[in-house]
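Structural features, examined
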Amino acid sequence: MREYLLTLCITAAVTYLLTGPVRKFAIVAGAMPEIRSRDVHREPTPRLGGIAMFFGLCAGLLVADKLTNLNEVFEKSNEPRALLSGAALIWLIGVLDDKFEIDALLKLGGQMIAAGVMVMQGLTILWLPVPTVGTVALTQWQGTLLTVALVVITINAVNFVDGLDGLAAGMVTIASAAFFMYTYRIWYSYGIEAAAPATLFATILMGMCLGFLPHNMHPARIFMGDSGSMLIGLVLAAGAISVTGQVDPDNLFGGSERSTVHQMVPVYIPLLMPLTIIAVPAADLVLAIVRRTWRGQSPFAADRGHLHHRLLEIGHSHSRAVLIMYFWSALIAFGALAYSVNSASMWIVLGIVFLSAIGLVLLLLPRFTPRAPRWAESFVPPRYRRRRAVAREVPPPVGEVAQESADASRTPVAAGAARFNGATAVGGRTRFLERRGADAAPSGPAAPAVPPAPSSPSSSR
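Residues numbered from 1 in each chain as written. Predicted model: local features only at pLDDT ≥ 70, side-chain atom pairs only at ≥ 80, totals over all residues. Heavy atoms only, no water.

For the protein, the name recorded in an unreviewed UniProt entry is MraY family glycosyltransferase, with Streptomyces doudnae as its organism. Listed under Cofactor (unreviewed entry) in UniProt, the entry text for the protein is "Mg(2+)". Per UniProt, the protein carries the Subcellular location (unreviewed entry) text "Cell membrane". (UniProt positions renumbered as here; feature names shortened; annotations may be inferred.)

As structure tokens, this is what we get:
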């Protein structure tokens, strides 16, 4: 655990320290696109934050290779090298898109090529553990197609959700934390060494996102761009592929396959865990595709219909919308993690249901304004207090001040009478208004209140 913690800290530190110089480089390079109609920020903000995240990934892998226990991952598996190769390719495509905004189909092709590079180096799904069926072995073509599909879906899901400051980095941090706890438990509790690469990938991914978050929180000083969102999406997919298709539950324990399945319930969770950790981004992806195709648009056409945009339209602030997305991501990811630990506990199900109800209340909070009881109004902010029917004086229009002040029927106010605004609304103000009205409309011999100035040719006209 200490070596994982050291790897996480170094990855986060490298990413954090490099983000500042990368921001200056992005400004000089002109990677500051104009504000689009779907954007929620008000000032042009530099992109290319993925550059710092990629070097953080390289630093994490380099440090892990030098550590005693984590070095075994590089000696017994080629998956770290496969991850680095695919990450370098997808990162390069993202950098070009942040600068030149390349075509969406070209990016899709690059994502498929990056996934194919990882498959060629051994990072692929070999079999699928299916409940009530057992282990289903996949052919080479089936494993390749499933791996490429999972990588492309995860990359685009993370890319679509990157619409608010700190949203994508925070959600991926939560997902990778839950995934780290899951894979670490499989490795050390059950002794499955095949889960070690996925544990390392989750650790490095947490460090990348945590190091970038201080620069990306609202108001963001730099965006990760496609170079960052596609990169962390690929690393997240690589960890899911590693632990899903590399762990064979039939060879873990002796006895029948039924007893093996019963003892290794967590092994079957990888079939659901990759879906739960990207549940919110995946839901946003599916809704976006359906919405755009229903309107006759391209599935890659940008719009303002994503989940985070809907939260802003409901009435949530920028920070609250991000926190709500964090809450739902954590609830789904850690709920699946708790189920993998003890699937027979009813308390876990009740806890998830209770937290879901809280999440719905927070989600719909702007739809209504709660009012505090009378006895508690002095302890809550003014917006939660009940409005009292109090007659307020409406100031007259400017053009009617003279006429109303000259009205002789106005009743004088006693010096000790209780009126609004205290001593400012006493009878003396009426005299001031009458004098102002008299000055505004002079009549007869009372008009020259001030001695006239000496006559001159210009003033006689």
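Thoughts on the overall build of the protein
Broken down by element type, the protein carries 18 helices and two strands. The buried share of the protein, taken over its 461 residues, is 43%. Taken as a whole, the protein presents about 24900 Å² of accessible surface, with 64% of it coming from carbon and sulfur. (Helix = DSSP H or I, 4+ residues; strand = E, 2+ residues; numbered from the N terminus. Buried < 20%, exposed > 50% of the residue type's maximum accessible area, 1.4 Å probe, protein only. Areas by Shrake-Rupley, 256 points an atom, 1.4 Å probe, with all protein chains shown as cover.)

Quick notes on the nonpolar core
By size, the foremost hydrophobic cluster in this structure holds 89 residues, and its most contacted members are L57, V151, L167, L200, L231, I232 and L234. If we skip the residues at most four places from it in the chain, L57 touches T11, L83, A87, I204, M208 and L231. (Core = buried A, V, L, I, M, F, W, Y, C linked by side-chain atoms within 4.5 Å. Contact = heavy atoms within 4.5 Å.)

Some points on the UniProt feature "binding site: Mg(2+)" (unreviewed entry) in the protein
Sites flagged by UniProt as "binding site: Mg(2+)" (unreviewed entry) map to N159 and D226. These residues run over 68 residues, yet every pair of their C-alpha atoms falls within 6.8 Å of each other. As for its position among the elements, N159 is in helix α6 (residues 140–161). Note on N159: relative accessible area 14%, which makes it buried. Sequence-distant contacts of N159, that is, excluding residues within four places in its chain, are made with K107, D226 and S229. By secondary structure assignment, the location of D226 is in helix α9 (residues 225–245). On the basis of relative accessibility, which here comes to 12%, the residue D226 falls in the buried class. Those residues in contact with D226 that lie beyond four places of it in its chain are G94, D97, D98, K107, N159 and L231.

Brief notes about the pattern of salt bridges
Following the criterion strictly, the structure yields three salt bridges and no others. Notably, a salt bridge pairs E193 with K76, separated by 3.3 Å at the nearest N-O pair. In this pair, E193 is assigned in the loop between α7 (167–190) and α8 (196–216) and K76 in helix α3 (residues 71–76), connecting sequence segments 117 residues apart. Across the pair, K76 and E193 agree in class, each one exposed. A salt bridge links K107 to D97; its shortest N-O distance comes to 3.6 Å. Taken together, the residues span a long stretch of sequence, with K107 in helix α5 (residues 104–120) and D97 in helix α4 (residues 79–100) at a distance of 10 residues. (Salt bridge = Lys/Arg side-chain N within 4 Å of Asp/Glu carboxyl O.)

Observations concerning unusual backbone geometry
Cis geometry is adopted by the peptide bond preceding P219, which originates at H218 and carries an omega value of -5 degrees. The backbone phi angle of L48 is positive, close to 65 degrees, even though this residue is not glycine. Among the structural elements, L48 can be located in the loop between α1 (2–29) and α2 (50–66). Unusually for a residue other than glycine, E101 sits at a positive phi of about 55 degrees.

Quick word on the confidence of the model for the protein
Taken residue by residue, the protein gives an average pLDDT of 76. The fraction at 70 or more is 68%. Here residues 453–461 is a poorly scored stretch, pLDDT under 50, and it has one contact once near neighbours within four places are set aside; other chains count. (pLDDT = per-residue confidence, 0-100.)

So, the side chain of T15
Its place among the elements puts T15 in helix α1. Filtering out sequence-adjacent residues up to four positions away, T15 remains in contact with A52, M53, G56, G207, M208, G211 and F212.

Quick notes on α5
Helix length check: α5 (17 residues) gives 25 Å between terminal C-alpha atoms against 24 Å at 1.5 Å per residue, within 8%. All of the buried residues in α5 are K107, G110, Q111, A114, A115, M118 and V119. Backbone nitrogen of L105 and a side-chain oxygen of the N-cap are separated by 3.0 Å at the start of α5; the cap is D103. (Expected span 1.5 Å × (residues − 1). Polar contact = N/O pair within 3.5 Å; in protein donor to acceptor, adjacent residues only side chain to side chain.)

A closer look at the environment of R81
For R81, the location among the structural elements is in helix α4. Once the C-alpha coordinates of R81 and L123 are considered, the two residues, 42 residues apart in sequence, prove to be 9.4 Å apart. The contact partners of R81, leaving out residues within four places of it in the chain, are F74 and Q121. A distance of 3.2 Å separates the side chain of R81 from the backbone oxygen of F74, its partner in a polar contact.

Considerations on a nonpolar patch on the surface
Together, M346, W347, V349, L350 and V353 make up an exposed nonpolar region whose accessible area comes to about 580 Å². Since its relative accessible area comes to 46%, L350 is described here as partly exposed. (Patch = residues over 30% accessible without salt bridge, like charges linked within 9 Å, V, L, I, M, F, W, Y side chains within 5 Å.)

Considering the packing of aromatic side chains
Per the counting criterion, the structure on display carries nine aromatic pairs. Relative to F180, the ring of Y4 has its centre 5.7 Å away and its plane inclined at 75 degrees; by these criteria the two rings are edge-to-face. A residue pair is termed long-range when its members are at least 10 positions apart, and Y4 in helix α1 and F180 in helix α7 qualify at 176 residues. Each member of the pair, Y4 as well as F180, carries the same accessibility label: buried. Their ring planes at 70 degrees and their centres at 6.0 Å tell us that F54 and F55 sit as a pair that is edge-to-face. Since its relative accessible area comes to 8%, F54 is described here as buried. Assessed through its relative accessible area of 40%, F55 is described here as partly exposed. Three or more aromatic residues joined by ring pairs form one cluster here, namely Y4, F180, Y184 and W187. (Phe/Tyr/Trp six-rings, centres within 6.5 Å; stacked < 30°, edge-to-face > 60°.)

Brief notes about the side chain of D97
Using a relative accessible area of 6% as the deciding quantity, one classes D97 as buried. When near neighbours in sequence (up to four residues on either side) are disregarded, D97 contacts I102, K107 and D226.

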